[in-house]
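Fold and contact review
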Amino acid sequence: MADASAWAWVEGRVLPAAEARIPLEDRGFLFAESVYEAILTGGGVAFTGGLHRARILRSAQGIGIDPARVETPLDAAIRDLLRASSGRDGLLYLQVTGGAGPRDHLPPEPGLEPRVYGTWRPYLRSGLASLRARGLNVMTVPDNRWALGTFKTTQLLGAVLAKRAARAAGAEDAIFVDDQGYLLEGSSTNLFFVRGGVAWTPPLTRNLLPGITRHVLLRRARDLVMERDLHVSELASAEELFFASTTRPCVPIHQVDRQPLGPGTMGPITTELARRFDQWMSEEMGPPGGAP
Ligand code: PMP
């Protein structure tokens, strides 16, 4: 296979990502009628791959794409891109769209064939250590995204604008707060609030993504991680605060809305969860660094 820094999977073929093309009338492009996943890979394995696979099929169903028509190409994309990764540490991105056809809000009957795309590019887990050591400075923003946040769609403009507003205000990321003042999540991460020795994360009854990292923490660290509603008025009383996502598992937040928060370094609960999470990643994918 030719050398490339990033690979794409389109219509059953692996090719350098820079050469991949999508049809102009793809409904993902025209209407954001599409769902996606980002998955860590290492040692030729997709970390918690089964959970990501299940979530993208559920997200597809949630926006009217028949999962039964997606499974076979999706599995082929995962298999072929993992092979192209040659065991290296990387990020596998998958996207499923409602298909391509003449632009019309309603697709023609009996429906278009969904399209599956994927990319794989190198991504080093080893960068996490410096991010955790530094910690994040974030700001709260009103949640002006659409209401179906439970599905992982490419309806991401609200997240982009929030992150841009955060950057303009001298912060790095945003925490969405709903119109009743409940904390939801970061622009691309779930949120955890530590108090009394427990990391609390908002429940899925709120408008937020059921993150895989969140799910794994809740399931495998039952002694330390639980769900409850969190109100913006509680923020100041947080002993620790952290984000968790595929690419940012357990990254501490040291400042919210310009106010210092927590110990200023990674606190004991965040540190313990980060340690366990790194171990789970290594158990599945091998140690960070991957095969050259
Ligand atoms: N919330 C949002 C809004 C996200 O975009 C993401 C990451 N895609 C997450 C949470 C974290 O999800 P995961 O742990 O599956 O990466």
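Residues numbered from 1 in each chain as written. Predicted model: local features only at pLDDT ≥ 70, side-chain atom pairs only at ≥ 80, totals over all residues. Heavy atoms only, no water.

1. Considerations on the pattern of salt bridges
Note the cut-off: Should a side-chain nitrogen of Lys or Arg be within 4 Å of a carboxyl oxygen of Asp or Glu, the pair is scored as a salt bridge. Each helix is a run of DSSP H or I of at least 4 residues and each strand a run of E of at least 2, with the numbering of both proceeding from the N terminus. Think of it in three bands: residues with accessible area under 20% of the maximum for their type are buried, residues over 50% are exposed, and the middle band is partly exposed, with areas taken using a 1.4 Å probe on protein chains only.
Evaluated as defined, the whole model comprises 22 salt bridges. Residue Glu-11 is joined to Arg-115 by a salt bridge in which the shortest nitrogen-to-oxygen separation is 3.0 Å. Taken together, the residues Glu-11 in the loop between strand 1 (7-10) and strand 2 (13-16) and Arg-115 in strand 6 (residues 115-122) connect sequence positions 104 residues apart. Looking at Arg-115, the relative accessible area reads 17%, which means it is buried. We note a salt bridge from Arg-228 to Glu-234, for which the minimum N-O separation is 3.0 Å. The exposure class assigned to Arg-228 is partly exposed, which follows from its relative accessible area of 25%. Each of the salt bridges in this network shares a partner with another, and the network as a whole consists of Asp-223, Glu-272, Arg-275 and Arg-276.

2. Digging into the sheet that holds strand 2
In plain terms, the rule: A pair of strands is considered paired only if DSSP assigns at least 2 bridges between the two. Contacts between residues were defined by any pair of non-hydrogen atoms, one from each residue, lying within 4.5 Å. For helices, the axis comes from a line fit to the C-alpha atoms of the stretch in contact; other axes are also lines fit to C-alpha atoms, and the angle between any two N-to-C directions lies between 0 and 180 degrees.
Spatial ordering of the open sheet is given by 2-1-6-5-3-4, a layout of 6 strands whose pairing is antiparallel. In the strand order of this sheet, the two ends are held by strand 2 and strand 4 (45-46), each with one partner. Relative to the sheet, helix 2 (residues 49-62) contacts strand 3 (34-42), strand 4 and strand 5 (90-97), its axis offset from that of strand 3 by approximately 175°. Relative to strand 3, helix 7 (residues 268-285) is tilted by about 80°, and along the sheet it contacts strand 3 and strand 4.

3. Concerning the site of the ligand
The cut-off we apply is this: For each residue, the test is whether any non-hydrogen atom lies within 4 Å of the molecule or strand; if one does, the residue is near. Identification of polar contacts relies on pairs of N or O atoms within 3.5 Å, with a donor-acceptor requirement for protein atoms, meaning one able to donate a hydrogen and the other able to accept it, and with residues adjacent in sequence counted only if both atoms are side-chain atoms. Computed with a 1.4 Å probe, the accessible areas rest on the Shrake-Rupley method; for each residue, only the protein chains presented here act as cover. By the convention adopted, Pro, Cys, Tyr, Trp, Phe, Met, Ile, Leu, Val and Ala count as nonpolar, Lys, Arg, Asp and Glu as charged, and the other residues, Gly among them, as polar.
If you check the shell around the ligand, you find 15 residues, and the closest are Lys-152, Glu-185, Ile-212, Thr-213 and Thr-246. Here a nitrogen atom of the ligand and a side-chain polar atom of Glu-185 are 2.6 Å apart. One of the side-chain nitrogen or oxygen atoms of Thr-246 is found 2.7 Å away from an oxygen atom of the ligand. Against a free-state accessible area of 390 Å², the protein chains account for coverage of 91% of the ligand. Grouping the amino acids of the shell around the ligand by side-chain chemistry returns 3 nonpolar, 8 polar and 4 charged.

4. Let's talk about a nonpolar patch on the surface
Quick note on the threshold: Patch criteria: residues need more than 30% relative accessible area and no salt bridge. Like-charged residues are merged within 9 Å; nonpolar side chains of Val, Leu, Ile, Met, Phe, Trp and Tyr are merged within 5 Å.
Together, Leu-156, Leu-157, Val-160 and Leu-161 give the surface a local cluster of nonpolar side chains, amounting to about 340 Å² of exposed area. The residue Leu-157 is located in helix 5 (residues 157-168) in this model.

5. Some thoughts on the pairing of strand 13 (residues 240-244)
By the criterion of burial, strand 13 is predominantly enclosed, with 5 of the 5 residues buried. The pairing of strand 10 (residues 190-195) with strand 13 spans 5 bridges and is classified as antiparallel. Its bridge partner lying in strand 13, Phe-193 is registered against Leu-241. Between the antiparallel neighbours strand 13 and strand 14 (residues 251-256) lie 6 residues, among them Cys-250 with a positive phi of about 65°.

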